[in-house]
Amino acid sequence: MSRLSFSSALIAMLLASACGGGGGSGEPLAPANCDYTQCASLSGHSYVVYEPAALPANAPMLLLLHGANTGLSYTESMWQGRAFADRYGYRLVIPQGKGDVWNYGSDVQFVADLIDTVQRERGTSAAVFIAGWSNGSALSQIFACDHAGKIAGVVSLAGPLLSSHACQPTRPVAVALMAGSNDSVVPVSTGAFGSMGMSEAFAVWERLMACSGPREIVSDNTLMPGSRSTTTRAGACAAPVQQTLMDGAGHAPNWVHAVLHERLQDFFLRAQAR
């Protein structure tokens, strides 16, 4: 199967199976209806920017990539991005895929152009991070493969690293993989449509980041009350590499946002400290 047909098939699967939630490209994002700092468009995509009060021009940027058949409101609800930005001082950017999906070919360049545009217009960020879910998760890892020079790290939730994609990052990039043990859309052990399972992708990123030390494993039940989450960190890497398995979680975890935000910030700080 060619890379194009593989990507098209995977997008179709995720579009058919992803959890709904509305908030797609039909949302009114014109400035008159904007409750973010900025609502704009680029290359046929709409996007929003949120900046907390008194945010420094060089504040770090967090870009959130939605899953197939979802968009702005669902993405904001899933990650509580504005609350994270307020708490830790980030510039938040949420773009919308055309037709509510991400294309693994053309949208890689769109994300690169969006990062450049926001930094040109609003200030060069000290570091740029991407967090993606499902269809957006796969795009986040492809972006880390192809444009590592533009970002410090990615958080990839419930989305595979494509087996067919040649991953050759030009510099170290931090990668945090997350998945639910009961994900039936992109099974954690096998992936979907020939893509990697999470453990296989974790091993690939360990190799790419030249990890040479022992793994560290930590478990608790604070991220999802009543359910254990286990995080495995690779040792002695050029950039942090980790995976988190959430027991009992499906494709869209029901997590405690305050705990999630603490863990995101911890990962982002370690990514910047390398």
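Residue positions are given per chain, counted from 1 along the sequence in the order it is written. Only residues with pLDDT of at least 70 are given local features in this predicted model, and only at 80 or more are side-chain atom pairs given and counted; all residues enter the totals for whole chains, interfaces and linings. Think of the side-chain values as coming from all heavy atoms in the structure, minus any hydrogens and water.

1. Things to note about the environment of arginine 171
Formally: Numbering of helices and strands runs from the N terminus; a helix is a DSSP stretch of H or I covering at least four residues, while a strand is a stretch of E covering at least two. In what follows, a contact means two residues having at least one pair of non-hydrogen atoms within 4.5 Å.
Positionally, arginine 171 belongs in the loop between strand E6 (153-157) and strand E7 (174-180). Counting along the chain gives 23 residues from arginine 171 to alanine 148, while the straight-line C-alpha distance between them is 5.9 Å. Filtering out sequence-adjacent residues up to four positions away, arginine 171 remains in contact with Ala148, Gly149, Ile151, Ala152, Met209 and Arg274.

2. Considerations on the packing of aromatic side chains
Definition in use: Think of it this way: a Phe, Tyr or Trp ring, Trp meaning its six-membered ring, pairs with another when their centres are within 6.5 Å, and the plane angle makes it stacked under 30 degrees, edge-to-face over 60, tilted otherwise. The classification of residues rests on relative accessible area computed with a 1.4 Å probe and restricted to protein chains. Under 20% of the type maximum is buried, over 50% is exposed, and intermediate values are partly exposed.
Inspection of every chain in the model, using the stated rule, returns nine aromatic pairs. Between phenylalanine 84 and tyrosine 88 the ring centres are 5.2 Å apart and the planes differ by 50 degrees, which places this aromatic pair in the tilted class. Here tyrosine 88 and phenylalanine 84 lie together in helix H3 (residues 81-88), a separation of four residues that amounts to about one turn. For phenylalanine 84, a relative accessible area of 1% puts it in the buried group. With 6.0 Å between their ring centres and 85 degrees between their planes, phenylalanine 84 and phenylalanine 268 make a pair best called edge-to-face. Placement of phenylalanine 84 in helix H3 and of phenylalanine 268 in helix H7 (residues 257-272) is noted, with a sequence separation of 184 residues between them. A single burial state applies to phenylalanine 84 and to phenylalanine 268, both of which are buried. Among the aromatic residues, those joined into a cluster by ring pairs are Phe84, Tyr88, Tyr90, Phe129, Phe267 and Phe268.

3. Remarks on the sheet that holds strand E8 (residues 213-224)
To keep things clear, this is the line we draw: Pairs of strands are assigned from DSSP output, requiring at least two bridges between the strands. Every angle, taken between N-to-C directions, lies between 0 and 180 degrees, and every axis is a line fitted to C-alpha atoms, over only the stretch in contact when it is a helix.
Spatial strand order, E1-E2-E4-E3-E5-E6-E7-E10-E9-E8: 10 strands in an open sheet with mixed pairing. Strand pairing shows two members of the sheet lacking a second neighbour, strand E1 (38-42) and E8, which therefore form its edges. Going across the sheet, the axis of each strand differs from the next one's by a mean of 20 degrees, ignoring polarity. Pairing between strand E9 (residues 227-235) and strand E10 (residues 241-246): five bridges, direction antiparallel. Across the sheet, the residue bridging to arginine 233 is glutamine 242, located in E10. Across the sheet, helix H4 (residues 106-122) touches E1, strand E2 (45-50), strand E3 (61-65), strand E4 (91-95) and strand E5 (128-133), and the angle it forms with E2 is around 40 degrees.

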